[in-house]
Amino acid sequence: MFVNVDALKGSLKVEILDSAGDVAAESDAVAGDELSAKLQWKRGDLAELKGQKISLRFILRNARFYSYWLE
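Small disclaimer: the values here were computed from a predicted structure and weren't measured.

Definitions and limits used
- Residues numbered from 1 in each chain as written.
- Predicted model: local features only at pLDDT ≥ 70, side-chain atom pairs only at ≥ 80, totals over all residues.
- Heavy atoms only, no water.
- Core = buried A, V, L, I, M, F, W, Y, C linked by side-chain atoms within 4.5 Å.
- Buried < 20%, exposed > 50% of the residue type's maximum accessible area, 1.4 Å probe, protein only.
- Helix = DSSP H or I, 4+ residues; strand = E, 2+ residues; numbered from the N terminus.
- Contact = heavy atoms within 4.5 Å.
- Salt bridge = Lys/Arg side-chain N within 4 Å of Asp/Glu carboxyl O.

*Asks:* I tried to follow the nonpolar core on my own but got confused; where do I start?
*Replies:* The tendency in soluble globular proteins is for nonpolar side chains to be buried side by side. Formed by Met1, Val3, Val5, Ala7, Leu12, Val14, Val30, Ala37 and Leu39, the largest nonpolar core amounts to 9 residues. For this core, the secondary structure elements donating two or more residues are strand E1 (2–17) and strand E3 (30–38). Residue contributions to this core peak at 5 residues, all from E1.

Right under this line is the structure:
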């Protein structure tokens, strides 16, 4: 997962929620003005979520979030 974020004075992190709403994975925080930052996952196994319905939670602290995409 990639994000475009302006977090020069803050950060952004992403949580992946399973169908029950529980946090199944959590990314490291991204800081700086990033046009194409690849998220690194500090907790959770994304392979276990394949085929399941998930939700994404974007947590911003003093940041502007523009977009995300998957490759």
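*Asks:* What is the right way to look at the environment of Gly44 in this model?
*Replies:* Its place among the elements puts Gly44 in the loop between strand E4 (41–43) and strand E5 (55–61). Taking the C-alpha atoms as reference, Gly44 lies 14 Å from Ser55; in sequence the two are 11 residues apart. Excluding anything up to four places from it in sequence, Gly44 contacts Ala24 and Ala25.

*Asks:* Just to check I follow, could you spell out the environment of Lys13 for this structure?
*Replies:* Note on placement: Lys13 falls in strand E1. Counting along the chain gives 28 residues from Lys13 to Trp41, while the straight-line C-alpha distance between them is 9.7 Å. Residues within four places of Lys13 in sequence aside, it is in contact with Glu26, Ser27, Asp28, Ala29, Arg57, Phe58 and Ile59.

*Asks:* How should I be thinking about the pattern of salt bridges in this particular structure?
*Replies:* Side-chain pairing between opposite charges can occur once the charged atoms of the two side chains come close. For the structure shown, the criterion picks out 4 salt bridges. As a salt-bridge pair, Glu26 and Lys42 come within 3.7 Å of each other at their nearest N and O atoms. Of this pair, Glu26 sits in strand E2 (residues 23–27) while Lys42 is found in strand E4, placing the two residues 16 residues apart along the sequence. According to the relative accessible area criterion, Glu26 is buried, its value standing at 11%. The class for Lys42 is exposed, based on a relative accessible area of 51%. Here Glu26 ties to Arg43 by a salt bridge, and the two come within 3.6 Å at their closest N and O atoms. Taken together, the residues Glu26 in strand E2 and Arg43 in strand E4 connect sequence positions 17 residues apart.

*Asks:* Would you mind going over unusual backbone geometry with me for this structure?
*Replies:* Trans peptide bonds make up the majority, and among non-glycine residues the majority have a negative phi. For Asn62, which is not glycine, the phi dihedral falls at a positive 50°. Looking at the element boundaries, Asn62 is found in the loop between E5 and strand E6 (64–69).

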